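Structural overview
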Amino acid sequence: MTDTKTTQHSEWSSRFAFILAATGSAVGLGNIWKFPYITGENGGGAFVLVYLLCVLLIGIPIMMAETMLGRRSRQNPIETMKTLAKEAGADSNWHYLGWMGVIAGFLILSYYSVIAGWASAYVLKAFTGSFFGADATEIKGLFDSFVASPVQLIFWHSLFMLATMLIVVRGVNSGIERAVRFLMPSLFVLLILLVAYAMTTDSYDRGIKFLFTPDFSKLTANGVLTAMGHAFFTLSLGMGAIMVYGSYLPKEVSIAKTVILIAGTDTVVALLAGIAIFPIVFASGLEPAAGPGLIFQTLPIAFGNMTGGWLFGILFFVMLVFAALSSSISLIEPAVAWLVENKNMSREQACIWSGAITWLLGLGTVFSFNVWSEIKIFDKTIFHLLDYLTANLMLPIGGFCIAVFAGWIMKQQHTEQELGMPDALSYQAWKTLTCYVAPASVFLVFLHVIGVL
Ligand code: PHE
């Protein structure tokens, strides 16, 4: 590999540092905000089952593949694809895969930052006691009037983008590692606390049943696509985030064990969020299909009515903002790494440019909740369109290509050596999933959506 690049390219201080950063990337709004609302919109149990299967059969093997590609080349995703394609004697067009990832990162961060802005605003609302003793109607009113104000949404979106860029500018090691270390365990404890509150409502059983009893009559073809897309989204796959983090991974670390740990943690966090939220949804007579506002319309009810709710409410939204931050930095890192390593920009310049572009794109999402809410493209608001385009299309397509590249294009000897599996059987399992199961599943889901299947 090119030695000049390795000098610019940093490395995690340990396996643990990579685990923290990659878990930080994976665990975010996807688990706590998105998973519950899309589960609610898609009828519950059957959707959850498909999502879990996708994590297991598609997500984990592709996450291993993506980490491996990054670590083998130790460069940003665009250069990684260029170098590895050359090494395998394949077409140089593979580097467009890196490009698609960078673009997907911008598009996702543009709306991610707006929603993370909501969470930031809710820290303040929690602090000023806005949830105190409030019922479901009041909490809904609070949310509706908040998102109706473009000025407020822009303010919080700007603040969140600024925070993201301030961390990214300091580079992956110093900025990310420290933040995530205390954050993940705290978030976990708060979620358990919310689950305990949910158990005290009389709708706990109904919530659990909704989540874990599959009723396939409620699942549409688009629901299947959303479940699969979410497996990519929640594991940060298909756009180079995990690839760029993998590129900072020391050589001796076992990729398989590490990836399984990260994917497992991510899934547990999402399920806990679901278990906490749905009982509250039913107990307060809310609609599970309330859409992107779901957690903002349910959790404050719990905080407003439980003992210690003032403090827990503040803590929860603070944690959510931090969880979002540790994901947002990974959404922009592929672009920043590329600008620094290939366009000779300083890290500061790279951050200013990519931050400004994302901020501007984010205005589209801000306005889709108020002044532009009537503007529909393909029957979707700008926010919905961006989400659909990235999570349901770009990430699965990116993941499909990564699987094909790792499974079919790279030399077996290279993948074997890089993955360093403990035995031949587990390597074979990965190889089968990556060559056949994962790409075929993505392909079949797409055929199902366009009605061919
Ligand atoms: N995985 C993050 C979440 O669940 C979102 C994300 C997607 C981050 C893609 C990086 C890349 O919130």
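A short tour of the structure in this document, coming up. (Residues numbered from 1 in each chain as written. Predicted model: local features only at pLDDT ≥ 70, side-chain atom pairs only at ≥ 80, totals over all residues. Heavy atoms only, no water.)

The next point concerns the overall build of the protein. Per the secondary structure count, the protein includes 19 helices and zero strands. For the protein, the C-alpha radius of gyration of 21 Å lies close to 22 Å, the compact-globule estimate for 453 residues. Referenced to the eigenvectors of the C-alpha coordinate spread, the extents of the protein come out at roughly 65 × 45 × 40 Å. For the protein, with 453 residues in total, the buried portion stands at 60%. Long-range contacts, defined as pairs at least 24 residues apart, comprise 83% of the intrachain contacts of the protein with a sequence gap of at least 6. Working note: accessible area of the protein is about 17,200 Å², and carbon and sulfur atoms make up 67% of it. Averaging the locations of the 24 positively and 26 negatively charged side chains of the protein gives two centres separated by 5 Å. (Helix = DSSP H or I, 4+ residues; strand = E, 2+ residues; numbered from the N terminus. Rg over C-alpha atoms; globule rule 2.2 N^0.38 Å. Buried < 20%, exposed > 50% of the residue type's maximum accessible area, 1.4 Å probe, protein only. Contact = heavy atoms within 4.5 Å. Areas by Shrake-Rupley, 256 points an atom, 1.4 Å probe, with all protein chains shown as cover. Lys, Arg positive; Asp, Glu negative; His and termini not counted. Charge placed at Lys NZ, Arg CZ, Asp CG, Glu CD.)

Looking now at the nonpolar core. Counting residues in hydrophobic clusters, the biggest one holds 167 residues, and the most contacted among them are Phe296 and Phe316. In contact with Phe296, not counting residues within four places along its chain, are Trp33, Ile115, Trp118, Ala119, Tyr122, Ile139, Phe143 and Phe317. (Core = buried A, V, L, I, M, F, W, Y, C linked by side-chain atoms within 4.5 Å.)

Let us now look at the state of the cysteines. In total, this model carries zero disulfides according to the counting rule given. Between Cys435, a cysteine without a disulfide, and Cys401, which holds the nearest cysteine sulfur, the sulfur-to-sulfur distance is 14 Å. With relative accessibility at 7%, the residue Cys435 sits in the buried group. (Disulfide = S-S within 2.5 Å.)

Quick look at helix α15 (residues 309-342) now. Compared with an ideal rise of 1.5 Å per residue, which puts 34 residues at 50 Å, α15 spans 49 Å between its outermost C-alpha atoms and is within 8% of the ideal. Considering bend angle alone, the principal kink of α15 is centred on Glu333 and spans about 40 degrees; proline Pro334 follows within four residues of it. With respect to burial, α15 is a largely interior element, 27 of its 34 residues being buried. (Expected span 1.5 Å × (residues − 1). Bend = angle between axes of the 7 residues up to and from the residue.)

Right, let's get into the pattern of salt bridges. Any two side chains of opposite charge can pair, on the condition that their charged atoms come close. A full pass over the atoms with the stated rule returns eight salt bridges. Across the pair Lys140 and Asp144 runs a salt bridge, and its minimum N-O distance is 2.8 Å. Taken together, the residues span about one helical turn, with Lys140 and Asp144 both in helix α7 (residues 136-147) at a distance of four residues. Judged by its relative accessible area of 36%, Lys140 falls in the partly exposed class. According to the relative accessible area criterion, Asp144 is partly exposed, its value standing at 33%. Residue Lys251 pairs with Glu418 through a salt bridge whose shortest N-O separation is 3.4 Å. One end of the pair, Lys251, is in the loop between α12 (241-246) and α13 (255-283); the other, Glu418, is in helix α18 (residues 412-419), and 167 residues separate them in sequence. With relative accessibility at 44%, the residue Lys251 sits in the partly exposed group. Taking the relative accessible area as the measure of exposure, Glu418 reaches 6% and is therefore buried. Salt bridges here are not isolated pairs; linked through shared partners, they connect Arg71, Arg72, Glu87, Lys251 and Glu418. (Salt bridge = Lys/Arg side-chain N within 4 Å of Asp/Glu carboxyl O.)

Quick look at the packing of helix α14 (residues 294-305) against α15 now. Their axes nearest at 8 Å, the elements α14 and α15 cross at an angle of 145 degrees. Here α14 contributes Ile295, Phe296, Leu299, Pro300 and Phe303 to the contact with α15, which in turn contributes Gly309, Trp310, Phe312, Gly313, Phe316, Phe317 and Leu320. Split by residue class, the contact of α14 with α15 holds 10 nonpolar, two polar and no charged. (Axes fitted to C-alpha atoms, helices over the stretch in contact; angles between N-to-C directions. Nonpolar A, V, L, I, M, F, W, Y, C, P; charged D, E, K, R; others polar.)

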